[in-house]
Amino acid sequence: MKIKILFFSFLLSAIGALAQNTGKISGTILKNEKPAEGATVSLLRAKDSATVKLTAVSKEGAYAFDNIVEGRYLLSVTAVGHQKAWSPVIELSSPSLSAQVPSISLAPISKDLAAVTVTSKRPLVEQRIDRTIVNVEASITNIGTSALEVLEKAPGVTVDRDGNISLKGKDGVMIMVDGRPTQLSGADLANLLRNMNSSQLDQVEIMTNPPAKYEAAGTAGIINIKTKKALTAGFNGSASLAYSQGKYPKTNEGFNFNYRNAKWNLFTNLSHNYQKRFQTMRLDRNILDDNDQSVVKIFNQVTDRIGAGNAYAAKFGADFFASKRTTFGTVVNLSAREITFNNPNITNISNAAKELESVTNAFVNTKSDWKSINANLNFRRILDGKGKELTSDIDFVKHSTDNDLFMVNSYTNAAGDAISKADTLTGLLPQEIDVYSAKADYLHPLKKDARFEAGIKTSIVRTDNNARYDSIQYGQIIPDLNRSNHFIYQENINAAYLNLSAPLSKKITAQFGLRLENTNATGRQKSTGENFDRHYTQLFPTAYFQYKANDKNNFGVNFGRRVRRPSYQSLNPFIRFLDRYTYSQGNPNLKPSTSNNIELTHTWNNQITTTLNYSRTKDIIQEIIQQRGEEAYNMPDNVSSMKNFGIAINANTLITKWWTGNINISVNHDRYNGVVNGDPIRLSATSFALNGTQQFKISKTFSAELNGMYRSGWLEGVIRVKPVGLIGAGVSQQVLKGKGTVRLTARDIFYTQKFKGKSRYSNVDVSIRQQSDTQIITLGVTYNFSKGKKVAPVKRTGGGVNDEQSRIGGGGN
């Protein structure tokens, strides 16, 4: 009851501020001292350059914007064959709500300028009140690489040995693409991001405390990858091709096409990716005596894993402009991936004196076939000329996965003689996931640049996992009932949010949000008869304050509460084998973890940003290594609470006219406190991370870049990791009058990105060493084509299944 009272009190107080005054902005545009008929005039908010309205210049050279709320604005004017022009800042305020802008004259583009493509240079990193923005094309070595490699260089973002992503030292990041889900988690998410060509990316938004409009999922925050949007009428598109060579070859091909006229916007993206990669891992485990913790046996395991496969993706969409204020849209994403993994494995088993006693040779083959369809219907209605807006989405998602396992183990003594009969295990691990979601959002501009937003959402998810394992003994197939399991999970989440942003004074801006989420979940293990039902309601407040002390100094503070729900794959009690002695398993008893996060920021001269952050996470979900006899396995569990303290400094500086540098330095202290198998664990570590990019403009069309990353020792759950780093470089040459680009990049030049870690607690004593295909040279070619004139971008909603799909695991291993 208290939650409902707080929620509706917030609603009533926000609605009470809806009264507003509106005015008019008008003027004339000239070119060659004549009316610039047909030129496009854009009305922009002065504080962030966001587009408010667009109009065309009349044959008399006049334009006008009516029903404009009080605030500060800018005008930008574009016309074919002329340079872009800007107005000074326009102040629209009471008592006079009419602004007559001085006449703007357009200057023709010179012949020299007309012969080349002029590209505005955006900074690599931008800081906003509620997010950090990375402009992908601002870095040469980003283009022609993968989205995962782009994220590795983003400020505050780290990627571990398996491709798992953390933000400012914390796990539990929600990854989105254009406000929509990535469709994968864990290793499958990493594979997807490796397959995404960065030439299709525009920006990366990093939000440690996202506004209330976004799902509360992700204790570390949200990373939203924004793809490029077409801004021309007529047809336009791009084609890209990249070839990479590490130890094994890799290819990536992509084609984007967009056609737009007065009533329709049609678009499609097609891509194919071939990947062949290796991963070598060595596990050294000590089997300890339960009484005195002395070493009883020593296991030295070496796995050489090679994975190869093809991934295909197709995106088809359409926007129908029913009127100037009403747009209907639909998007369909089709994805398919086939990957085969071969894992030859050798385990040497020695006694406490390190004398070899036996050897186990294993061969594990896994074939994964994953298919997905994601369909979205969306609607946008501008309710009046004051900017009121209503949007809605309906989504349906279906994922189908088939994993086939074949594992053979043979056993010999130290002399190589067989000591027991070889055994064979097969597994068929299908998974079906269906997601249904609907949401609606409302935007209401208020006077003096204030904005009120509200929305509701409901979603239903059903997963069906039926794992069947069989042993082959003397040619006979024997069902393995101890490993087989049939698990069905269903979840319903209902949510509502409110968000209010407004300038409190000329120097202070604030934003407040409140999100309510009601969760209902059931799990049924048909094989064992174990069931669970969970029902809970949570509130997630957010608050942001920004103070502009002067033209060079900005201060900010923000607070947010977040939740990390278990991924559907981690709830699945399937057993996934690395070899006879090592496997991973899901945990249907996982609970969601919650965190409270606060940040203090200072930005100097739009060049140097300093951030202090603190977070406290309860029931943190961690992959825990556990030992049962001679077997070691990974299982996620709510084993501890965590406190995280951090400081980060990001500097983006123009050193000379031809040299620009960006550097990010962060220090994080993590402290875990919990219990594993009845034994207390108290772990803490302070880590230092440095990544930087140095860009060199050698000529108008030729550029070079040098980048690097270093991370000191840190805690990865219960594993203490040793320092790691890498150096990369690239060159870029524009061709075909700026329509094409050829880039050559090298990643991990000195092959230093190798993982080394150790874990010691309870009865676990293990060391891990791992290296993979990170030393890669890439040659990429991109060609852009366009025929048309620049128009306003289509404002497309982000879909309603962000949280659900970020928790989905596909078919890879």
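Parameters at a glance
Residues numbered from 1 in each chain as written. Predicted model: local features only at pLDDT ≥ 70, side-chain atom pairs only at ≥ 80, totals over all residues. Heavy atoms only, no water. Helix = DSSP H or I, 4+ residues; strand = E, 2+ residues; numbered from the N terminus. Buried < 20%, exposed > 50% of the residue type's maximum accessible area, 1.4 Å probe, protein only. Contact = heavy atoms within 4.5 Å. Areas by Shrake-Rupley, 256 points an atom, 1.4 Å probe, with all protein chains shown as cover. Salt bridge = Lys/Arg side-chain N within 4 Å of Asp/Glu carboxyl O. Phe/Tyr/Trp six-rings, centres within 6.5 Å; stacked < 30°, edge-to-face > 60°. Lys NZ or Arg CZ within 6 Å of the ring centre and 35° of its normal. pLDDT = per-residue confidence, 0-100. Core = buried A, V, L, I, M, F, W, Y, C linked by side-chain atoms within 4.5 Å. 1 Å grid on protein atoms, 1.4 Å probe; cavity = no way out; pocket = protein on both sides within 12 Å on 5 of 7 lines; lining within 4 Å. Points joined across faces, edges and corners; volume = space filled by probe spheres on them. Pairing = 2+ DSSP bridges. Patch = residues over 30% accessible without salt bridge, like charges linked within 9 Å, V, L, I, M, F, W, Y side chains within 5 Å. Polar contact = N/O pair within 3.5 Å; in protein donor to acceptor, adjacent residues only side chain to side chain.

Attention shifts here to the overall build of the protein. Counting its secondary structure elements, the protein contains six helices and 47 strands. The proportion of buried residues among the 813 residues of the protein is 53%. Contacts in the protein between residues far apart in sequence, at least 24 positions, make up 67% of those at least 6 positions apart. When the accessible surface of the protein is totalled, it reaches about 36,200 Å², and 57% of it is carbon and sulfur.

Turning our attention to the pattern of salt bridges. Applying the stated criterion across every chain yields a total of 20 salt bridges. Taking the shortest distance from any N to any O, the salt bridge between Asp369 and Lys371 comes out at 3.0 Å. Overall, Asp369 belongs to the partly exposed group, its relative accessible area being 25%. By relative accessible area, Lys371 is classed as partly exposed at 45%. For Lys398, the salt bridge goes to Asp434, with nearest N and O atoms at 3.1 Å. One end of the pair, Lys398, is in strand β25 (residues 389–413); the other, Asp434, is in strand β26 (residues 418–445), with 36 residues separating them in the sequence. A network of salt bridges, in which partner residues are shared, links Arg282, Asp284 and Arg769.

Another aspect to go through is the packing of aromatic side chains. If you walk through the whole model with that rule in mind, you get 15 aromatic pairs. Centre to centre, the rings of Trp264 and Phe320 are 4.8 Å apart; their planes meet at 40 degrees, and the pair counts as tilted. Residue Trp264 is located in strand β21 (residues 264–288), and its partner Phe320 is located in strand β22 (residues 295–321); the two are separated by 56 residues in the primary sequence. Residue Trp264 is classed as partly exposed on the basis of its relative accessible area, which comes to 39%. Through successive ring pairs, a cluster of aromatic residues spans Phe487, Tyr489 and Phe532. For Arg285, the ring lying beneath its charged end belongs to Phe299, and the centroid distance is 4.8 Å.

Our next topic: the confidence of the model for the protein. For the protein, mean pLDDT is 84; residues scoring 70 or higher make up 88% of the total. Mean pLDDT per element in the protein: helix α1 (residues 2–15) is the minimum at 39, and strand β46 (residues 764–772) is the maximum at 94. Considering only residues more than four positions removed or in separate chains, one finds that residues 111–120, a stretch of pLDDT under 50, has eight contacts. Predicted confidence for residues 809–813 stays below pLDDT 50, and this span has 25 contacts to residues more than four positions away or in other chains.

So, about the environment of Ile598. The topology assignment puts Ile598 in strand β35 (residues 593–604). Residues Ile598 and Asn613 lie 15 residues apart in sequence; the distance between their C-alpha atoms is 5.7 Å.

Let us look at unusual backbone geometry. Trans peptide bonds make up most of the peptide bonds, and negative phi angles are found at most residues other than glycine. Its identity as a non-glycine residue notwithstanding, Asn32 has a phi of 55 degrees, on the positive side. Assignment of secondary structure puts Asn32 in the loop between β1 (22–31) and β2 (34–35). A positive phi angle, near 65 degrees, is found at Lys354, a position not held by glycine. Along the chain, Lys354 falls in the loop between β23 (326–351) and β24 (356–382).

Another point: the nonpolar core. Counting residues in each nonpolar core, the largest one holds 26 residues, and the members touching the most others are Leu151, Val157, Ile165, Leu193, Val204, Ile223 and Ile225. For this core, the elements supplying multiple residues, two or more each, are α3 (147–152), β13 (157–159), β14 (165–167), β15 (173–177), α4 (186–195), β17 (201–207) and β18 (221–227). Sort the elements by how many residues they give to this core and α3 lands first, with four residues. Contact partners of Leu193, with chain neighbours within four places excluded, come to Ser146, Ala147, Leu148, Leu151, Ile165 and Ile225.

If you add up the space inside the second largest pocket, you get close to 260 Å³. The wall of the second largest pocket is formed by 17 residues, among which Asn485, Gln525, Pro573, Gln585 and Gly586 lie closest to the centre.

Relative to β25, β24 is paired through 25 bridges, and the arrangement is antiparallel. When the sheet's bridge partners are listed, Thr360 is paired in β25 with Tyr411. The turn joining β24 and β25, which pair antiparallel and follow one another in sequence, is formed by six residues; a positive phi near 105 degrees is taken by Gly387. Pairing geometry for β25 and β26, over 23 bridges, is antiparallel. The residue bridging Ile394 from the neighbouring strand is Ala438, located in β26. Counting the residues in the hairpin turn of β25 and β26 gives four residues, including Gly416, whose phi is positive at 95 degrees.

Next up on the list: the environment of Val359. Tracing the chain through its elements places Val359 in strand β24. Looking at Val359, the relative accessible area reads 11%, which means it is buried. Put simply, Val359 and Phe299 are 60 residues apart on the chain and 9.6 Å apart in space, counted from C-alpha to C-alpha. Every residue in contact with Val359, bar those within four places of it in the chain, is listed here: Ile346, Thr347, Asn348, Ser410, Tyr411, Thr412 and Asn413.

There is a patch of nonpolar side chains on the surface, built from Leu600, Trp604, Ile608, Leu612, Ile647, Ile649, Ile663, Ile665, Val667, Phe688 and Tyr710 and spanning about 820 Å² of accessible area. The biggest single contributor to the nonpolar patch is strand β38 (residues 659–676), with three residues. Mapped onto the elements of the fold, Ile665 is located in strand β38.

Turning our attention to the side chain of Thr360. Here Thr360 is to be found in strand β24. Judged by its relative accessible area of 2%, Thr360 falls in the buried class. A polar atom in the side chain of Thr360 sits 2.8 Å from the side chain of Tyr581. Leave out the neighbours within four places in its chain, and Thr360 touches Asn345, Ile346, Thr347, Ile349, Asn409, Ser410, Tyr411 and Tyr581.

In this section: the pairing of strand β40 (residues 702–711). Across nine bridges, the pairing between strand β39 (residues 679–697) and β40 is antiparallel. Opposite Asn691, over in β40, you have Met709 as the bridge partner. Hairpin remark: β39 followed by β40, antiparallel, with four residues in the connecting loop.

By secondary structure assignment, the location of Glu60 is in the loop between β4 (51–56) and β5 (62–69). A sequence separation of 24 residues divides Glu60 from Ala36, and the C-alpha atoms of the two residues are 8.1 Å apart.

This part is about the side chain of Arg565. Among the structural elements, Arg565 can be located in the loop between β32 (553–564) and α5 (568–571). The exposure class of Arg565 is buried, given its relative accessible area of 5%.

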